[in-house]
Amino acid sequence: MPRWKSLPSELPERDRQLIVQLRRLKDHSGLGLAALAAKTGYSRSSWERYLNGKQPVPRKAVEELAKVCGTDPTKLLVLHEVAERQPPEPAAEPVAEPVAGTGAVGESESEGQGEEAGAAAVADEPSGTRTSGVPEPGVPEPGSRPSGRRVPLRYALAGALVAAAVAFAAGLLVAGGDGGGSDETAQQVTYGPGRTYDCDHAGRKDGAAYAGHSTTVEALVGINGSGPDVVEVQCHLQRHGFDPGEIDGLYGPGVESAVQEFQKARRLVSDGIVGPDTWAELRR
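These notes cover the structure that comes with them. (Residues numbered from 1 in each chain as written. Predicted model: local features only at pLDDT ≥ 70, side-chain atom pairs only at ≥ 80, totals over all residues. Heavy atoms only, no water.)

1. Observations regarding the overall build of the protein chain
To be explicit about the condition: Comment: elements are numbered from the N terminus, with helices defined as DSSP H or I runs of at least four residues and strands as E runs of at least two. Burial classification: accessible surface area is computed with a 1.4 Å probe over protein chains only, and a residue below 20% of its type maximum counts as buried, one above 50% as exposed, and the rest as partly exposed. The criterion used for residue contact is that any of the two residues' heavy atoms lie within 4.5 Å. Residue burial considers only the protein chains on display, and all accessible areas are found by Shrake-Rupley using a 1.4 Å probe.
Check the secondary structure of the protein chain and you find eleven helices and two strands. Starting at the N terminus and walking to the C terminus, you meet the elements of the protein chain as α-α-α-α-α-α-α-α-β-β-α-α-α. Within the protein chain, the proportion of its 284 residues that are buried is 35%. Sequence separation of 24 or more characterises 57% of the internal contacts of the protein chain that already satisfy a separation of 6 or more. Carbon and sulfur atoms provide 52% of the accessible area of the protein chain, an area that totals close to 16,300 Å².

In structure tokens form, the structure reads like this:
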């Protein structure tokens, strides 16, 4: 399968996250652009533009791609909503800097006149009240405006909303984010860097094997993922005789290579991404 072109460097990070997930889903399905065009309401050239970051992806296209690939569109739609809600860049508000000793800047006076007025004001003040025309630390000068750039409230609220949505989407797409792991497991095991985990190779439920870390059968798990779903993948790879390295919950190149070898052995699409088909084989 040909490698994807690099996405444009100026593409916003939130759009980049969405497109990477769409690319992975397409690759995992084994469909080409022509096949996508035949199965959806969008042409081959449209999919080429969407998946290479040349044009924003419509929400309907995201839904149709998920439907064609047989996956729940919820996670992708969260990323799509996050990408759409990027707040506009707030414009800087001009702030008038008060001339020392005057408390305000005259609108029609020249810079030289302002400096002279400030000097005169300092000279007329009683001794001991101020030095060098500089206000005492922490004491605002009467009539002056606070210095610095102020961000309008609506932008601050929009930024907070986007940050919350990004955190929610990241929690869904990072390994373990689909809620597949049991609450009991989450309470008993803490996942993080520098840890290794045990595998319960005897665990079975409804004929499927479970290693005791996640019960998901559909989460997309890939490179740079981390958490209980990755531990589950590593345990099952080990059980099937494919060496994933340390059982540490980190989806690095070694795990990706082991997944690809496993997929080849089971005649699956060898893309290094664990999805529903690979989960089904891992849990045999």
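Continuing now.
2. Quick word on the side chain of Glu-281
Going by this rule: Counting of polar contacts relies on pairs of N or O atoms within 3.5 Å, with two restrictions inside protein: one atom must be capable of donating a hydrogen and the other of accepting it, and residues adjacent in sequence are counted only when both atoms are side-chain atoms.
With respect to the element layout, Glu-281 can be found in helix 11 (residues 276-282). Engagement of the side chain of Glu-281 in a polar contact is seen with the side chain of Arg-284, the distance being 3.1 Å. Setting aside residues up to four positions removed in sequence, Glu-281 forms contacts with His-240, Phe-262, Arg-266 and Leu-268.

3. Structural notes on the packing of aromatic side chains
Selection criterion: Classification of ring pairs uses Phe, Tyr and Trp, with its six-membered ring standing for Trp, and accepts pairs whose centres are within 6.5 Å; under 30 degrees between planes counts as stacked, over 60 as edge-to-face, and the remaining range as tilted.
In total, this model carries four aromatic pairs according to the counting rule given. Between Tyr-42 and Tyr-50, the ring centres sit 5.9 Å apart and the planes meet at 75°, which makes this aromatic pair edge-to-face. Across the pair, exposure class does not vary: Tyr-42 and Tyr-50 are buried alike. Ring plane angle 90° and centroid distance 5.5 Å describe the contact between Phe-242 and Phe-262, whose orientation is recorded as edge-to-face. Of this pair, Phe-242 sits in the loop between helix 9 (228-239) and helix 10 (253-265) while Phe-262 sits in helix 10, and the two are 20 residues apart along the sequence. Clustering of aromatic rings is evident, with ring pairs tying together Tyr-42, Trp-47 and Tyr-50.

4. As for the state of the cysteines
Selection rule: Only a pair of cysteine sulfur atoms within 2.5 Å counts as a disulfide in this structure description.
Under the counting rule described, the total for this entry stands at one disulfide. One disulfide in the model links Cys-199 with Cys-235; its S-S distance is 2.0 Å. Of note, the bridge from Cys-199 to Cys-235 carries an S-S torsion of about -75° and is left-handed in sense. Of this pair, Cys-199 sits in the loop between helix 8 (183-188) and strand 1 (204-205) while Cys-235 is found in helix 9, placing the two residues 36 residues apart along the sequence.

5. Here's the deal with the packing of helix 1 (residues 13-29) against helix 4 (residues 59-69)
To keep things clear, this is the line we draw: Lines fitted to C-alpha atoms define the axes, with helix axes restricted to the stretch in contact, and inter-axis angles between N-to-C directions lie between 0 and 180 degrees. Throughout, the term roughly parallel applies to angles under 35 degrees, roughly antiparallel to angles over 145, roughly perpendicular to angles from 65 to 115, and oblique to all others. Should the near helix be turned anticlockwise from the far one by less than a right angle, the crossing is termed left-handed; should it be turned clockwise, right-handed. Residues are sorted three ways: Asp, Glu, Lys and Arg are charged, Ala, Val, Leu, Ile, Met, Phe, Trp, Tyr, Cys and Pro are nonpolar, and all the rest, Gly among them, are polar.
The contact between helix 1 and helix 4 brings their axes to 10 Å, and the two run at 30°. With respect to helix 4, the axis of helix 1 lies roughly parallel. The way helix 1 lies across helix 4 gives a crossing that is left-handed. Taking contact as the criterion, the partners of Leu-22, Leu-25 and Ser-29 in helix 1 are, on helix 4, Val-62, Leu-65, Ala-66 and Cys-69. Here the residues of the contact of helix 1 with helix 4 are counted per class, giving six nonpolar, one polar and no charged.

6. Some thoughts on the side chain of Lys-26
Along the chain, the position of Lys-26 falls in helix 1. Looking at Lys-26, the relative accessible area reads 8%, which means it is buried. Contacts of Lys-26, omitting those with residues within four sequence positions, involve Trp-4, Leu-31, Gly-32, Leu-33, Leu-36 and Leu-51.

7. Let's talk about the pattern of salt bridges
Rules: Just to be clear on terms, a salt bridge is a Lys or Arg side-chain nitrogen sitting within 4 Å of an Asp or Glu carboxyl oxygen.
Taken as a whole and assessed by the stated rule, the structure comprises eight salt bridges. For the salt bridge of Glu-13 with Arg-16, the shortest nitrogen-to-oxygen distance reads 3.9 Å. Here Glu-13 and its partner Arg-16 are both found in helix 1, three residues apart, which amounts to about one turn of the helix. Between Arg-59 and Glu-63 there is a salt bridge, with its nearest N and O atoms 3.5 Å apart. Placement of both Arg-59 and Glu-63 in helix 4 is noted, with a separation of four residues, approximately one turn of the helix. Classification of Arg-59 by relative accessible area gives partly exposed; the value is 40%. Through salt bridges with shared partners, one network takes in Arg-266, Glu-281 and Arg-284.

8. Some remarks on the nonpolar core
Selection rule: We define a nonpolar core as any set of buried Ala, Val, Leu, Ile, Met, Phe, Trp, Tyr and Cys residues linked to one another through side-chain atoms lying within 4.5 Å.
Counting 18 residues, the largest nonpolar core has Leu-22 and Trp-47 as its most contacted members. Put simply, the parts of the chain that give this core at least two residues each are helix 1, helix 2 (33-39), helix 3 (44-51), helix 4 and helix 5 (74-84). It is helix 4 that contributes the most residues to this core, four residues altogether. In this structure Leu-22 touches Leu-51, Val-57, Val-62, Leu-65 and Leu-76, once residues within four positions along its chain are discounted. Counting residues in hydrophobic clusters, the runner-up holds 13 residues, among them Val-233, Tyr-251, Val-259 and Val-274.

9. Describing unusual backbone geometry
A positive phi angle, near 55°, is found at Asp-206, a position not held by glycine. Given a relative accessible area of 78%, Asp-206 falls into the exposed group.

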